[in-house]
Amino acid sequence: MDPLQIVARCRRCASTLLLAQATLCLAPAALAPAAEANEPVAAVQETFAPLLTGLRPAHETPLALARAVALGLRNNLDVEIARYVPLLAGLSAEQAWGAYDPRIASEVGWFSGRQPNANAVLGVDRLTRTELDERLSISGMVPYLGAGLGVDVAGSKRRSNAAIATLSPEWDASVTVSASIPLLRGLIWNEAWTQIKVSHSLSVAAREEFRERLMDFVQSLEVAYWNVVAQRERLRVAEKSLATAETLLDQSRSQLDLGVQSELQVVEAEAGVGAREFALIRAQERHQLAQDRLIDLVLGTDLSGAANLRFVPTDAPDAFEHRAVDVTQAVARAFAQRPELAASQQEIERLEFQLRYAKNSRLPQFDLQASYSATGKSGDNNPDDDLCSSLASPLCEAGESSESGNAGFRKSFSRISGANGGDLYNVRGVLSIPFPNTTARKAVAKAEVELRRATTL
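Everything numeric in this text was worked out from a predicted model, so none of it was measured.

The next subject is the overall build of the protein. The secondary structure content of the protein amounts to twelve helices and eight strands. For the protein, long-range pairs separated by at least 24 residues make up 78% of all intrachain contacts whose partners lie at least 6 apart in sequence.

In structure tokens, the structure reads:
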């Protein structure tokens with residue numbers, strides 16, 4: 001059981017005992033003289049005195065409203081849990097940008113093969129070939145447009161015993177720049193960009209919902225604070241009313257002894273005292289319930305089972321400044337700053353992004369792809385090749401027998417921009433038309449219905 005509930009039940013038990021005491025005071029008073037009516041009361045007090053005296057008095061702690069709000073925000077477990085919601089939503093919004101992170105890839109491969117040869121042109125009985133290739137690529141997407149860019153650098157070394165191979169080993173190098181852009185489906189409202197916009201709307205909505213949660217909690221704490229003040233005033237009034245009734249009872253008994261009043265008037269005065277005692281017990285119970293509510297909101301997780309305290313509000317309602325409210329300005333400010341309205345607006349914005357993405361997905365796919373490659377080649381003259389002696393090839397003239405390690409790669413890359421370099425251009429269009437495109441068409445209809453529902457709410 002919650003410690004606060006245990007404390008509240010103990011206090012309610014004490015209130016019940018006092019209520020029973022007041023009831024016993026009223027019942028005999030209507031049927032017997034005053035002296036006889038006090039005997040049951042004395043018996044009840046004697047029976048329950050150990051229990052009533054065993055309740056130690058609560059420690060009274062002064063508490064200002066600002067301090068109560070600060071402690072409540074720090075100790076309330078629900079508020080503490082709600083703090084993580086906008087944090088997680090913000091991290092999700094930042095995570096969505098990861099779709100545009102550049103990707104770096106490296107690839108290294110080695111191949112070796114030997115097989116019988118049936119082609120007389122190659123000039124060997126068994127053809128052997130070894131190849132070592134390396135590749136480094138960087139690719140990524142362009143935000144908003146959905147276009148893709150890439151740079152690819154590759155190099156390879158080939159060695160063969162074929163007589164027609166002019167160079168062995170042969171070093172090849174290439175640098176390729178490629179680009180691809182969607183012209184219909186995927187342009188702007190592609191999956192990555194839509195996810196970024198949606199995540200941002202969810203992040204803003206989460207902050208507004210957390211702000212609403214804080215405002216509601218502060219409001220409930222302030223209501224509990226002023227309720228304690230109000231119940232304290234009602235308790236003070238009940239105590240004064242009881243004191244007045246007891247004074248009137250004493251006067252009635254004195255006048256009864258003098259023969260001025262009748263016993264019926266004394267009984268009526270005793271009934272008045274009993275009613276005031278009952279009202280006092282109810283006021284004490286309401287005040288204690290208000291105290292329990294305030295203690296729960298202020299202390300929260302810091303409340304222990306051994307806690308026995310009572311807050312004494314130090315702020316008074318009269319101490320606050322009364323301001324006139326312009327209804328028009330107040331309504332306009334509420335529409336501009338109310339968190340639940342801002343969260344609803346973000347939800348509408350999110351659904352609008354989803355609708356745009358659904359409409360874009362309904363279009364045919366038409367992508368434009370382009371690439372450019374620059375190549376270079378170098379190597380050693382093949383000792384098994386007889387063609388270099390009869391051909392005036394720049395490669396034959398540039399062949400060296402001393403290339404080893406990475407020197408061949410460096411020379412092949414250096415020849416990319418030279419007269420012996422090669423150029424490769426590639427332009428391609430890709431068209432794809434889904435038919436009848438049921439998924440995309442129904443997604444648009446669903447998004448439109450959800451948007452209308454959100455605007456209606």
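Let us keep going from here.
Looking at the element boundaries, Ile 188 is found in the loop between β5 (167-182) and α6 (191-257). Counting along the chain gives 42 residues from Ile 188 to Gly 146, while the straight-line C-alpha distance between them is 6.0 Å.

The next subject is unusual backbone geometry. In the segment running from Phe 435 into Pro 436, the intervening peptide bond is cis, with an omega of 0°. Counting through the fold element by element, Pro 436 comes out in the loop between β8 (422-432) and α12 (438-456). With a phi angle near 70°, Ile 188 is a residue other than glycine that sits in the positive phi range. On the accessibility criterion, Ile 188 (22% relative accessible area) is partly exposed.

Let us look at the packing of aromatic side chains. The geometry of an aromatic ring pair is captured by the separation of the ring centres together with the interplanar angle, meaning the angle of the planes. Summed over the entire model, instances satisfying the criterion amount to six aromatic pairs. Here the aromatic rings of Trp 97 and Tyr 100 are separated by 6.1 Å at their centres, their planes lie at 50°, and the arrangement is tilted. The class for Trp 97 is partly exposed, based on a relative accessible area of 41%. For Tyr 100, a relative accessible area of 9% translates into the label buried. Measuring from centroid to centroid gives 5.6 Å for Tyr 144 and Trp 193, while their planes differ by 85°, and the two rings are edge-to-face. Within this pair, whereas Tyr 144 is found in the loop between β3 (126-141) and β4 (148-160), its partner Trp 193 is found in helix α6, the two being separated by 49 residues in sequence. Judged by relative accessible area, Tyr 144 falls into the partly exposed class, the value being 40%. An aromatic cluster of three or more residues is present, and its members are Trp 97, Tyr 100, Tyr 144 and Trp 193.

By size, the foremost hydrophobic cluster in this structure holds 21 residues, and its most contacted members are Leu 63, Leu 221, Tyr 225, Leu 294, Val 298, Leu 299 and Phe 311. For this core, the secondary-structure elements that each account for two or more residues are α3 (65-75), α6, α7 (263-299) and β6 (309-313). Among residues more than four places away in sequence, those in contact with Leu 63 are Ala 68, Leu 71, Tyr 225, Leu 294, Val 298, Phe 311, Val 312, Pro 313 and Thr 314. Counting ten residues, the second-largest nonpolar core is a separate cluster that includes Ala 245, Val 266, Ala 269 and Val 273.

Now for the sheet that holds strand β2 (residues 103-116). Taken in spatial order, the six strands make up an open sheet running β2-β3-β4-β5-β7-β8, and their pairing is antiparallel. Only two strands of the sheet have a single neighbouring strand rather than two, namely β2 and β8. Going across the sheet, the axis of each strand differs from the next one's by a mean of 15°, ignoring polarity. The pairing of β3 with β4 spans 13 bridges and is antiparallel.

This part takes up helix α11 (residues 407-414). What sets the pattern is the α-helix's 3.6 residues per turn: residues three or four places apart point alike. Along α11, the residues classified as buried are Gly 408, Phe 409 and Ser 412. Projection of α11 onto a plane perpendicular to its axis shows the buried side chains occupying an angular sector of 100°, all on one side.

Turning our eyes to something else, we now look at a nonpolar patch on the surface. Taken together, the side chains of Leu 183, Leu 184, Leu 363, Phe 366, Leu 368, Val 427, Leu 431 and Ile 433 make up a nonpolar region of the molecular surface, amounting to roughly 710 Å² of accessible area. As for its position among the elements, Leu 363 is in the loop between α9 (339-361) and β7 (365-381).

Turning next to helix α5 (residues 84-96). The terminal C-alpha atoms of α5, which comprises 13 residues, lie 18 Å apart, in line with the 18 Å expected from a rise of 1.5 Å per residue. Residues of α5 that are buried include every one of Pro 86, Ala 89, Gly 90, Ala 93 and Ala 96, and no others. Summarising the axial view, the buried residues of α5 lie within an arc of 120°, below the 170-degree limit, and thus occupy one face. Away from the buried face of α5 by more than 90 degrees, exposed residues Leu 88, Glu 94 and Gln 95 are located.

What counts as what
- Residues numbered from 1 in each chain as written.
- Predicted model: local features only at pLDDT ≥ 70, side-chain atom pairs only at ≥ 80, totals over all residues.
- Heavy atoms only, no water.
- Helix = DSSP H or I, 4+ residues; strand = E, 2+ residues; numbered from the N terminus.
- Contact = heavy atoms within 4.5 Å.
- Buried < 20%, exposed > 50% of the residue type's maximum accessible area, 1.4 Å probe, protein only.
- Phe/Tyr/Trp six-rings, centres within 6.5 Å; stacked < 30°, edge-to-face > 60°.
- Core = buried A, V, L, I, M, F, W, Y, C linked by side-chain atoms within 4.5 Å.
- Pairing = 2+ DSSP bridges.
- Axes fitted to C-alpha atoms, helices over the stretch in contact; angles between N-to-C directions.
- Arc of directions from axis to C-beta.
- Patch = residues over 30% accessible without salt bridge, like charges linked within 9 Å, V, L, I, M, F, W, Y side chains within 5 Å.
- Areas by Shrake-Rupley, 256 points an atom, 1.4 Å probe, with all protein chains shown as cover.
- Salt bridge = Lys/Arg side-chain N within 4 Å of Asp/Glu carboxyl O.
- Expected span 1.5 Å × (residues − 1).

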